[in-house]
Amino acid sequence: MPDKPHPDADPSVGIVVVSHSRSLAQAAVSLATEMVRGRETRIAVAAGLDDTTFGTDAVQIRRAIERVDGPAGVVVLMDLGSAVLSAELAVDLLEDPTARDRVLLCPAALVEGLVVAVVAASGGADRHEVAAEAASALMGKQSHLLPEAGSPAQSAPAAGVDAVGIFTVTNLHGLHARPAARLVGEVRTMDAQVSLRNLTTGTGPVPASSLSKVATLGAQEGHQVEVAASGPQARWALEHVLALAARQFDEPQRGSVELGSPPASPTDRAGPLPASPGIGVGTVRIMRVAPVKIPDEAPGSAAVEWRRLREGVAATRRDVQRLRAAAARDVGEADAAIFDAHLMLLDDPDLLADVRSGIDAGQGAPTAWAAAVAAVERDVAGLADPYLRARAADVRAVGDQVLRAITGQPATGVAAEGILIARDLTPAAAAELDRDSVQGIVLAYGSPTSHAAILARSRGIPTVVGAGPEVLSIPEGTVMVVDGTSGDIIIDPSRTVLASYRDRGHQQSQRAAEQVAAAARHARSRDDVAVLVAANLGSVADAQAARGCGADAAGLVRTEFLFHGRTEAPGVDEQESEYRAIAEAMGGRRITLRTLDIGGDKPVPYLGMVAEANPFLGVRGIRLALDHPSLLHDQLVAACRVARETPVSVMFPMVSVVKELLSARAALDAAAADIGGMPAGLEVGIMVEVPAVALKIEAFLPHVDFLSIGTNDLTQYALAADRGNESVAALLDPLDPGLLHLVQHVCRAVRKRVPVAVCGEAAADELAIPLLLGLGVTELSVSPYAVPAIKSRVREVEISACQALARTALGMCDAEGVRGAVARWAGQGGVAASGAA
């Protein structure tokens, strides 16, 4: 047990700062201590799960409290959401009961409250006075900025509302878990009260800070949603939410190839549905999950039951954070984001308020939690849209996790070897499946769009869903075939059928294994032309995966991963550390750092950007970087530091005119001068994403060492089709002859003076590869896990035959004709003369 404070200990109040962000907390402490220079104040920081991972931890907070505890006690200031719950739990975890009585949790705004609290504590105020001063810290700002009653400025769009706007939902599946979690997470960081109303259905208004309430809006694609905001940051909050909606709440663009995209299948099909492609053969293993039982016991006091609830939620949050980190490492950030909605639900203020009301009314923690979760599940299950309705399973899964944590009932393991049959799978269970032991999955219920199905696809496990409850009665040990491509399941197949499927599955596995085994070798065509196959990266985990998959280099490092989800830009040292970690993970292979590619379509709040009517044609990429020279300078200094030790290329995005490139190169020269000169071997290039750049590429060639064609943006600009607009999605095909002519023009102008890469989705399209190589592209950059297959495809073709195919494609009138020609060409062996196409 920790010692009690010594009578002669420091008599001043101790202060603990609890924040999701360690860097934010440390900066706030630096600001506050500037106000009392020369007077020592006892402050402890309990922020972030580590230097870079957002989150709060009750054990860390408890230790911070114990470090600054004394006779005068401790005041704890918290930022938002789970910080409050973690702080409450930390107080409960204090082993010294007298210490709990000395701790005050203060509801003050973190930064303003901390400044005032430090000043008050250094002046000898007691803990109650410190907390009261901190809680009133916003009064000066409010009296200055908020209009007086009756003044003209008080007029608002509606009573109690300062700003109102409307957006149309453009996400394919509406405001489902991932976009809703993105919305809620952003709103919770704002000093504003934001509500949403579905104008199409008349549902709402609901608080935008509550995931459980946002889910009940049933906002589908095409629905109009009204946003109403009040408070000091109302106008900014409104603009930010509208900007989020305009960029589909940062969901992956549907025009891209995603592991999370379900196989195409008729929506009215009855019976089993394909959910993850591939063939699995094995013996049946039934996973039976017993429902969580609510114990028949007399509840303790409200304080005891609320503590049980908080401990259960905290334990579940740790488990979900662990699963999310593992999923990000194994299957990528996009699919790991599934768990963000689970974390949001654990901190949902409306849900927790309902639980607290039940406990205060005399219910035990399990009963109150189960009742509150069941109400949310009923609301979601009652939605009209089947995709949104399927999210009720996620609510139930999170609810059961917390109930098991509260009651101590163990979860059912899923380490069975063979074909796993289950009623359904939670995302947590799916994330922990062993790909080496589970040959296939058959679910009695569920849908191809469920989060369990998405994770099964990401892990490469053949899966069929919606097979019906009768599959649960199949005897264990029965041989079964699962075809996750067609949706077929065959129980106890004949020897002939079994042999046929095993042969097909073996061929698929063998081909994939051969591709992986050969991935470390450089890709050379059948006529011995070398093609570099690199990887597109967005994290150190991606770099580790890329090296394991045989990537020759990092063709594109999306550095903006460092700039999103925070309140200030990363400093030079942090950027250098991350870039060096990526370089080390790539084992000395060249890494291409694309400078910050953000803008009106994907803003960051600390840059003060305004919402744009047409963000794809606005201030983004190099335009924004040149408008923020210090931001660009810091990034280039970090790149130059790393380039002194490992091969580095710097690539500027969204360049439109030569003047922009010259300004960017001047910024690079200045950054290099700061570290003692330009590093040897540092290469400079640009993204070719604007049609005008492709057509005047000769003007750029004297100033670059390489070019990288970004087919995603080049396609949308050349075809005047917004890649986020479903109604024009059919136009967005990079094999349109117009796009191919632009690629050809770039390659011809270059005349092999500098390498020409393609880093858009076309580089991973096996039909596009022979065309790109035939047009003169020398490098392909794709997602890490696609590298082995792309290298294999390169080895199957002859560049001379690809050139003949490209000439044929350039003369066609549309992308459909081009794809048909390539398919025929491939069917004839892919090495025929031009007439064969």
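See the structure above.
Residues numbered from 1 in each chain as written. Predicted model: local features only at pLDDT ≥ 70, side-chain atom pairs only at ≥ 80, totals over all residues. Heavy atoms only, no water.

**Digging into the overall build of the chain**
Formally: Only DSSP runs of H or I covering at least 4 residues are called helices, and only runs of E covering at least 2 are called strands; the numbering of each starts at the N terminus. Pairs of residues are marked as contacts when any of their non-hydrogen atoms sit within 4.5 Å. Here, Shrake-Rupley sampling with a 1.4 Å probe gives the accessible areas, and only protein chains in the shown set may cover a residue.
A count of helical and extended segments in the chain gives 32 helices and 24 strands. Within the chain, counting contacts between residues at least 6 apart in sequence, those at least 24 apart form 72% of the total. Element-wise, carbon and sulfur atoms account for 53% of the exposed surface of the chain, whose accessible area totals about 34,700 Å².

**Quick word on the nonpolar core**
Using the following cut-off: Take the buried residues of types Ala, Val, Leu, Ile, Met, Phe, Trp, Tyr and Cys, join any two whose side-chain atoms come within 4.5 Å, and each joined set is a nonpolar core. Exposure classes here rest on a 1.4 Å probe applied to the protein chains alone. A residue is buried below 20% of its type maximum, exposed above 50%, and partly exposed in between.
Counting residues in hydrophobic clusters, the biggest one holds 101 residues, and the most contacted among them are Leu 537, Ile 591, Phe 652, Ile 697, Leu 707, Val 746 and Leu 780. The biggest single contributor to this core is helix H24 (residues 629-643), with nine residues. Once you skip the residues sitting within four places of it in the chain, Leu 780 turns out to touch Val 531, Leu 532, Val 533, Ala 534, Val 758, Ala 763, Ile 769, Leu 772, Ile 790 and Val 794. Ala 180, Val 187, Val 225 and Leu 238 belong to the second largest nonpolar core, which has 76 residues in total.

**A word on the pattern of salt bridges**
What counts here: A pair is scored as a salt bridge if a Lys or Arg side-chain nitrogen falls within 4 Å of a carboxyl oxygen belonging to Asp or Glu.
Tallying each qualifying case throughout the model produces 22 salt bridges. We note a salt bridge from Glu 226 to Arg 197, for which the minimum N-O separation is 3.3 Å. On the criterion of sequence distance, the pair formed by Glu 226 in strand S8 (residues 224-230) and Arg 197 in strand S6 (residues 193-198) is long-range, its members being 29 residues apart. Judged by its relative accessible area of 30%, Arg 197 is partly exposed. Put simply, Glu 645 and Arg 580 hold a salt bridge, and the shortest N to O gap is 2.9 Å. Remark: Arg 580 occurs in helix H22 (residues 572-585) and Glu 645 occurs in the loop between H24 and strand S20 (648-652); sequence separation between them is 65 residues. Within this structure, Asp 573, Glu 576, Arg 580, Arg 641 and Glu 645 form a network of salt bridges that share partners.

**Section: the environment of Ala 72**
In this structure, Ala 72 sits in the loop between helix H2 (58-68) and strand S3 (74-78). Contact partners of Ala 72, with chain neighbours within four places excluded, come to Pro 11, Ser 12, Val 13 and Arg 127.

**As for unusual backbone geometry**
Look at the link from Gly 204 to Pro 205: it is a cis peptide, with omega at 5 degrees. Within the fold, Pro 205 resides in strand S7 (residues 203-207). Not every positive phi belongs to a glycine, and Arg 751 is a case in point at roughly 50 degrees. Along the chain, Arg 751 falls in the loop between helix H28 (737-750) and strand S23 (756-758). A relative accessible area of 60% means that Arg 751 is categorised as exposed. The phi torsion at Lys 752 lies on the positive side, around 65 degrees, for a residue other than glycine. Following the sequence through the fold, Lys 752 ends up in the loop between H28 and S23.

**Things to note about the sheet that holds strand S1 (residues 14-19)**
Quick note on the threshold: A pair of strands counts as paired when DSSP detects no fewer than two bridges linking them. Here, axes are lines fitted to C-alpha atoms. For helices the fit covers the stretch in contact, and angles between N-to-C directions go from 0 to 180 degrees.
Pairing is parallel in the open sheet, where four strands are placed in the order S2-S1-S3-S4. Strand pairing shows two members of the sheet lacking a second neighbour, strand S2 (43-47) and strand S4 (103-106), which therefore form its edges. Strand-to-strand twist across the sheet, computed as the mean angle between neighbouring axes with direction ignored, equals 20 degrees. Relative to S2, S1 runs parallel, the two sharing five bridges. Looking at the pairing, Val 18 lines up with Ala 46 of S2. In the packing of H2 onto the sheet, the strands contacted are S1, S2, S3 and S4, and the crossing angle to S2 comes to about 180 degrees. Strands in contact with helix H5 (residues 110-122) are S1, S2 and S3; relative to S1, the strand with the most contacts, it is inclined by about 170 degrees.

**What to know about the packing of aromatic side chains**
Filter applied, for reference: Between the rings of Phe, Tyr and Trp (Trp by its six-membered ring), a pair exists once the centres lie within 6.5 Å; its type follows the angle of the planes, with under 30 degrees stacked, over 60 edge-to-face, and the other angles tilted.
Tallying each qualifying case throughout the model produces one aromatic pair. Ring geometry for Phe 167 and Phe 249: centres 5.8 Å apart, planes at 65 degrees, overall edge-to-face. Placement of Phe 167 in strand S5 (residues 163-168) and of Phe 249 in the loop between helix H10 (234-246) and strand S9 (273-276) is noted, with a sequence separation of 82 residues between them. Among the residues examined, Phe 167 registers a relative accessible area of 6% and is labelled buried. The class for Phe 249 is buried, based on a relative accessible area of 2%.

**With respect to H2**
Using the following cut-off: Definition of a polar contact: a pair of N or O atoms within 3.5 Å, with one able to donate and the other able to accept a hydrogen when the atoms are protein atoms, and with sequence-neighbouring residues admitted only if both atoms are side-chain atoms.
Three or more residues of H2 are buried, namely Ala 58, Gln 60, Ile 61, Arg 62, Ala 64, Ile 65 and Val 68. Near the N-terminus of H2, the side chain that reaches the backbone nitrogen of Val 59, with its oxygen 3.3 Å away, is that of Asp 57.

**A closer look at helix H21 (residues 540-548)**
Inclusion rule: Taking the helix axis as origin, the arc is that swept by the directions to the C-beta atoms.
Those residues of H21 that fall on the buried side of the exposure criterion are Asp 542, Ala 543, Ala 545 and Ala 546. Down the axis of H21, the buried set is contained in an arc of 165 degrees. They therefore lie on one face. Contacts from the buried residues of H21 go to strand S17 (530-537) and H22. Its side-chain oxygen at 3.4 Å from the backbone nitrogen of Ala 541, Ser 539 defines the N-terminal cap of H21. Note on H21: the residue one or two positions beyond its end, Gly 550, has a positive phi of about 90 degrees.

**Focus on the sheet that holds S5**
Sheet architecture is open: four strands sit in the order S5-S8-S6-S7, paired in antiparallel fashion. Edge strands, defined here as strands with exactly one partner in the open sheet, are S5 and S7. Averaged over all neighbouring strand pairs, the angle between strand axes comes to 20 degrees, with direction disregarded. Sheet topology note: the S6/S7 ladder contains three bridges and is antiparallel.

**Observations regarding the packing of helix H14 (residues 349-360) against helix H15 (residues 365-381)**
Heads up, the rule is: Working definition: roughly parallel below 35 degrees, roughly antiparallel above 145 degrees, roughly perpendicular at 65 to 115 degrees, and oblique for all remaining angles. Crossings are classed by handedness, with left-handed meaning an anticlockwise turn of the near helix from the far one by less than a right angle and right-handed meaning a clockwise turn. Each residue receives one of three labels: charged for Asp, Glu, Lys and Arg, nonpolar for Ala, Val, Leu, Ile, Met, Phe, Trp, Tyr, Cys and Pro, and polar for the others, Gly being one of them.
Remark: H14 packs on H15, axes separated minimally by 8 Å, with the N-to-C direction vectors making an angle of 140 degrees. When the axes of H14 and H15 are compared, the pair comes out oblique. Once H14 is placed against H15, the crossing between them reads as right-handed. Taken together, the residues of H15 that come into contact with H14 (itself represented by Leu 351, Leu 352, Asp 354, Val 355, Gly 358 and Ile 359) are Ala 365, Ala 368, Trp 369, Ala 372, Val 373 and Val 376. Of the residues in the contact of H14 with H15, the class split is ten nonpolar, one polar and one charged.

**Let's talk about the pairing of S6**
Here S6 shows a clear split, with Val 194, Leu 196 and Asn 198 buried on one side and none of Gln 193, Ser 195 and Arg 197 buried on the other. Across six bridges, S6 lies against S8 in antiparallel orientation. Bridge pairing in S8 places Leu 196 opposite Val 227. Between S6 and S7, which pair antiparallel one after the other, the connecting turn spans four residues, and Gly 202 there sits at a positive phi close to 80 degrees.

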